[in-house]
Amino acid sequence: MNYGYFDDQNREYVITRPDTPASWCNYLGTLDYGGIITNNAGGYSFVKSGADGRILRYRFNSIPQDQPGRYIYLRDRENGDYWSASWQPVAKDLKKYASVCRHGTGYTIITSDYDRIKTETVFYIPLAKKCEVWAFKIKNNDSRERKLTIFNYAELSNDNNENQDLVNLQYTLFITRTYFKENLLLQTVNENRNDGNAVYRYAGLAGAKVTGYDGGREGFIGPYRSYANPAAVVNGKCGNSLNYTGNSCGALQTDLELAPGEEKEMFFIVGYGDETTARRVIKEYEDPEKARIEIEQIKRLWHGRLDKFQVNTPDPDFNRMVNIWNAYQCFITFFWSRAASLTYCGLRNGLGFRDTVQDIQGIMHLEAESAKERLSYMLSGQVSNGGGMPLVRFDHQPGKAVPPKPEEYRCDDALWLFQTVPQYLKESGDWGYLDEVTPYADQGEGTVYDHLKRALNFSLERLGKHGLVYGLEADWNDCIRLEEEGESVFASLQLYLALGVFVDLARRKGNMEDVLWAGENWSRLGENLYKHAWEGDRFVRAFTGDGYVVGSKQNEEAGLWLNPQCYAVISGAALGEQGQKAMDKVYEELNTEHGILLMNPAFKKRGLPVFRMILYLPGIKENAGIFSQPQGWAILAETMLGRGDRAYQYYCNCNPAKMNDRAEIRVAEPYVHCQFTEGKESPFHGRAHVHWLTGAASTIQVAAVEGILGVKPDYEGLRINPCIPAWWKEFTMERVFRGKSLRIRVDNSAGVQKGVRRIILNGEAMIDDLIPEAKMGPENEVEVLMG
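Throughout what follows, the structure given in this document is the object of discussion. What you see is a predicted model; the values in this text were computed from it and never measured.

Focus on the overall build of the protein
Phase 1: Along its length, the protein carries 19 helices and 42 strands.
Phase 2: The C-alpha atoms of the protein give 28 Å as radius of gyration, which agrees with the globular expectation for 787 residues (28 Å, within 12%).
Phase 3: The principal-axis extents of the C-alpha atoms in the protein amount to approximately 80 × 60 × 50 Å.
Phase 4: Here the protein holds 787 residues, and the buried ones make up 63% of them.
Phase 5: Counting every atom, the protein has about 28,000 Å² of accessible surface; 48% of that belongs to carbon and sulfur.

Written out as structure tokens, the structure reads:
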């Protein structure tokens, strides 16, 4: 079943049926003021933190899912009929009411058409402002004059903290009040605090006269009513109520008379700030051109980011994900980590170390400077012993953090640096970054190079009886608790990769002592992996402290795991025949039409305390579900083995755009990756969950760009070595690399999956698949001949 389509030219997803199987949402704003909005105008907004900066209230896991939100109601003053400018919350009969939602890059447009009245609302958050704008336009398509009343409704949080607002009611219901000031409602929180920490929020109207207001939710909604039939709308007028304790809202009323064909526009503004700030901001929108300029600024910003890498292959769904939606999702995940969505309510008030260091990789080819800034911030979340703070808070102060207790460390956190740091060095050419001094989370400071060496030492000082890395509280899989006796093969493969990377960095720095030290540990670890973890056709997943081999072919449950097979190839521990065998086993036993199972079969007997995934039903999340993030690793591994057909098959299986016509199966948005999809042991195989904020955004984007398309930065320049399905005979790319533009045409007339015969840069043949930066001009033409 289809609910919408991709508008690639405008870089929008257009929802033509508002009754989507779940709320399909978009993100608005910047790191200063962010927001989430659904196709029915549900959602919330916040300043800096979804946990501690809440502006608009939202109720998670409610019915309907996405209420309250940013609502605009319309009422016909002649017959009393009323509706909303988004299908919800009034939910008029769709045989008579039409709604289209256009989710774009940093904005959402919702139109409605009912009883010959058409509306268009553009929701956006202006750059460098702590407010949001609902730019509302209404047109009378009737042959007679229409008399209408317009109401907006914004339910304001009673506390900056989301949990306090909704749970600690004995406190938060008694700390707010509202004031009406001509064309705005001002909310105060703890207004008499004498420490300067009182909070002010506002809702205002520009472009129309306010004829009524309600500053209290109960006054607008009324008793025993809902957002679908608020008393003020039903009765045709606000009660001019104000909140003094209870629940605040910003509801403003304006009355209109529209001649046939007449159109009017107005601007509802919700924001953070006192009355002086509110008046200054609202006054700006007395000129309608202000909103149009700001919307174009947002489009230029986002489109400029995305334009730095564009591809045109024979597969439109591949193109739109790489060019637009996967890239856009990488930025959203980069901004908000796992802190604000319709699933993440804000309890994680910060950046997960491992999550964020991986998320950075997804935007590196598009905005390396922002990636560097966030990478340095995460390095300041590394503890002086080399481990990572599991969570680097939004208000993190380097040098002052309390380090985790020994049992709280995760074995993989700092090991992700060894993919992200080199990726930045290669993308930017900023070799001096290795010598930049960055503080540690708890005490002291060191160069980036020192941070990397301490990360290695953290792991090397925690090796078990097989010479592999202790699992500690968890590795990438939070559901495996191996502690200080069990060993993680996956983390050991990460360490193997990390040591190889460090050898290269040390050699380039001329530090031969470190080359020797890291090289010896690398060789020893490789021997241990082959001796203890390889079972002839697979790498096992882990060893528990009591000797149980996790992921052994002898096991009744969870006998094969995806991650170690992928990382054996990615790390270089198992290339050639060994890597092929491991990945063939993945294809034979884990592959499904909706993606690759994380492991199989599910745990149903063996569980706590080691295997916490048994708490999930079979086929769900880490218990034999299709976890999305490792899909990218599988794709990348197959491209390293030269198997483009299989890499592309894996990509298609997990590509949400391929599910656009089967939305009733996927349920979640068809334009973004989710955390996981239900596996084959679930009766709802193919249903996806936990949208937007997931490590899958970066891993799948990197796998597509660097793996399938083969465009990979290196220290000396840019490498191009695609690994594609044989039926792709030709494709083109545009890439900005270190400020230089490259237009790339790939000729695969030979119908191969991998292999470059010749690269020509501006008429000059290259020696191999490397295009040296020194040979690039400001504008470059590149011909790649595969064969």
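Considerations on the pattern of salt bridges
Phase 1: Counted according to the given criterion, the structure contains 79 salt bridges.
Phase 2: A salt bridge links D115 to R116; the nearest nitrogen and oxygen atoms lie 3.3 Å apart.
Phase 3: On the accessibility criterion, D115 (23% relative accessible area) is partly exposed.
Phase 4: Where R338 meets D359, a salt bridge forms, and the shortest distance between an N and an O atom there is 2.8 Å. You can see R338 sitting in the loop between α7 (316-336) and β20 (350-352) and its partner D359 sitting in helix α8 (residues 353-359), a full 21 residues away along the chain. Here R338 matches D359 in class, with each residue buried.
Phase 5: When salt bridges that share partners are traced, they join D76, E78, D115, R116, D142, R144 and R146 into one network.

Section: the pairing of strand β9 (residues 107-114)
Phase 1: Among the eight residues that make up β9, seven are buried, leaving the element largely enclosed by the rest of the structure.
Phase 2: One ladder, built from six bridges, connects strand β8 (residues 98-103) with β9; its direction is antiparallel. Paired with V100 across the bridge in β9 is T111.
Phase 3: Between the antiparallel neighbours β8 and β9 lie three residues, among them G106 with a positive phi of about 90°.
Phase 4: Following β9, the chain reverses through two residues before pairing antiparallel with strand β10 (residues 117-124); D115 in that reversal takes a positive phi of roughly 50°.

A look at helix α17 (residues 644-654)
Phase 1: Judged by how many residues are buried, α17 sits mostly within the fold: nine of 11 residues are covered.
Phase 2: Three or more residues of α17 are buried, namely G644, R646, A647, Y648, Y650, Y651, C652, N653 and C654.
Phase 3: Packing partners of the buried residues in α17 comprise α7, α15 (576-589), β29 (591-592), β30 (595-596), α16 (629-640) and α19 (696-708).

Notes on the sheet that holds strand β37 (residues 730-737)
Phase 1: A sheet is described by the order of its strands in space; here six strands give the open sequence β19-β37-β38-β42-β39-β40, paired in mixed fashion. Since the sheet does not close on itself, it has two edges, and those belong to β19 (309-312) and β40 (764-765), each with one partner.
Phase 2: Where β37 lies against strand β38 (residues 740-747), eight bridges are found, and the strand directions are antiparallel. By the bridge assignment for β38, E730 is matched with D747.

Here's the deal with the packing of helix α11 (residues 448-460) against helix α13 (residues 512-533)
Phase 1: Here α11 crosses α13 at 30°, and the two axes come no closer than 12 Å. With respect to each other, α11 and α13 are oriented roughly parallel. The two elements α11 and α13 cross, and the hand of that crossing is left-handed. Residues Y449, K453, L456, N457 and L460 of α11 touch α13, and the partners they reach there are D514, W517 and N521.
Phase 2: For the contact of α11 with α13, a count of residues per class yields four nonpolar, two polar and two charged.

Remarks on the packing of aromatic side chains
Given two aromatic rings, one states the distance between the centres and the angle between the planes to describe the pair.
Phase 1: Using the criterion set out here, one finds 57 aromatic pairs in the structure.
Phase 2: Both rings, one in W727 and one in W728, keep their centres 6.3 Å apart while their planes meet at 85°; by these two values the pair is edge-to-face.
Phase 3: Judged by relative accessible area, which is 46%, W727 ranks as partly exposed.
Phase 4: You can call W728 buried: its relative accessible area is 0%.
Phase 5: Sitting over the ring of W302, R305 keeps its end group 4.6 Å from the ring centre.

Comments concerning the sheet that holds strand β36 (residues 717-720)
Phase 1: The sheet built from three strands is open, its strands ordered β35-β36-β41 with antiparallel pairing. Looking at the sheet topology across the chains shown, the edges are occupied by β35 (711-713) and β41 (770-772). Across the sheet, the mean angle from the axis of one strand to that of its neighbour is 25°, orientation sign disregarded.
Phase 2: The pairing of β35 with β36 spans three bridges and is classified as antiparallel. Its bridge partner lying in β36, K712 is registered against R719.

A look at the side chain of E294
Phase 1: By secondary structure assignment, the location of E294 is in helix α6 (residues 289-306).
Phase 2: Judged by relative accessible area, which is 5%, E294 ranks as buried.
Phase 3: At 2.6 Å, the side chain of E294 and the side chain of Y124 are in polar contact.
Phase 4: Within the structure, the side chain of E294 is placed 2.7 Å from the side chain of Y285, a separation counted as a polar contact.
Phase 5: Contact partners of E294, with chain neighbours within four places excluded, come to Y124, P126, K129 and Y285.

Quick notes on the packing of α16 against α19
Phase 1: Remark: α16 packs on α19, axes separated minimally by 7 Å, with the N-to-C direction vectors making an angle of 15°. Comparing the axis directions of α16 and α19 gives the class roughly parallel. Between α16 and α19 the crossing geometry is left-handed. Residues Q629, Q631, G632, W633, I635, L636 and T639 of α16 form the contact with α19, whose own contacting residues are A696, T699, I700, A703, G707 and I708.
Phase 2: Considered class by class, the residues forming the contact of α16 with α19 number seven nonpolar, six polar and no charged.

What counts, and where the lines are drawn
- Residues numbered from 1 in each chain as written.
- Predicted model: local features only at pLDDT ≥ 70, side-chain atom pairs only at ≥ 80, totals over all residues.
- Heavy atoms only, no water.
- Helix = DSSP H or I, 4+ residues; strand = E, 2+ residues; numbered from the N terminus.
- Rg over C-alpha atoms; globule rule 2.2 N^0.38 Å.
- Buried < 20%, exposed > 50% of the residue type's maximum accessible area, 1.4 Å probe, protein only.
- Areas by Shrake-Rupley, 256 points an atom, 1.4 Å probe, with all protein chains shown as cover.
- Salt bridge = Lys/Arg side-chain N within 4 Å of Asp/Glu carboxyl O.
- Pairing = 2+ DSSP bridges.
- Contact = heavy atoms within 4.5 Å.
- Axes fitted to C-alpha atoms, helices over the stretch in contact; angles between N-to-C directions.
- Parallel < 35°, antiparallel > 145°, perpendicular 65-115°, else oblique.
- Left-handed = near helix turned anticlockwise from the far one by under 90°.
- Nonpolar A, V, L, I, M, F, W, Y, C, P; charged D, E, K, R; others polar.
- Phe/Tyr/Trp six-rings, centres within 6.5 Å; stacked < 30°, edge-to-face > 60°.
- Lys NZ or Arg CZ within 6 Å of the ring centre and 35° of its normal.
- Polar contact = N/O pair within 3.5 Å; in protein donor to acceptor, adjacent residues only side chain to side chain.

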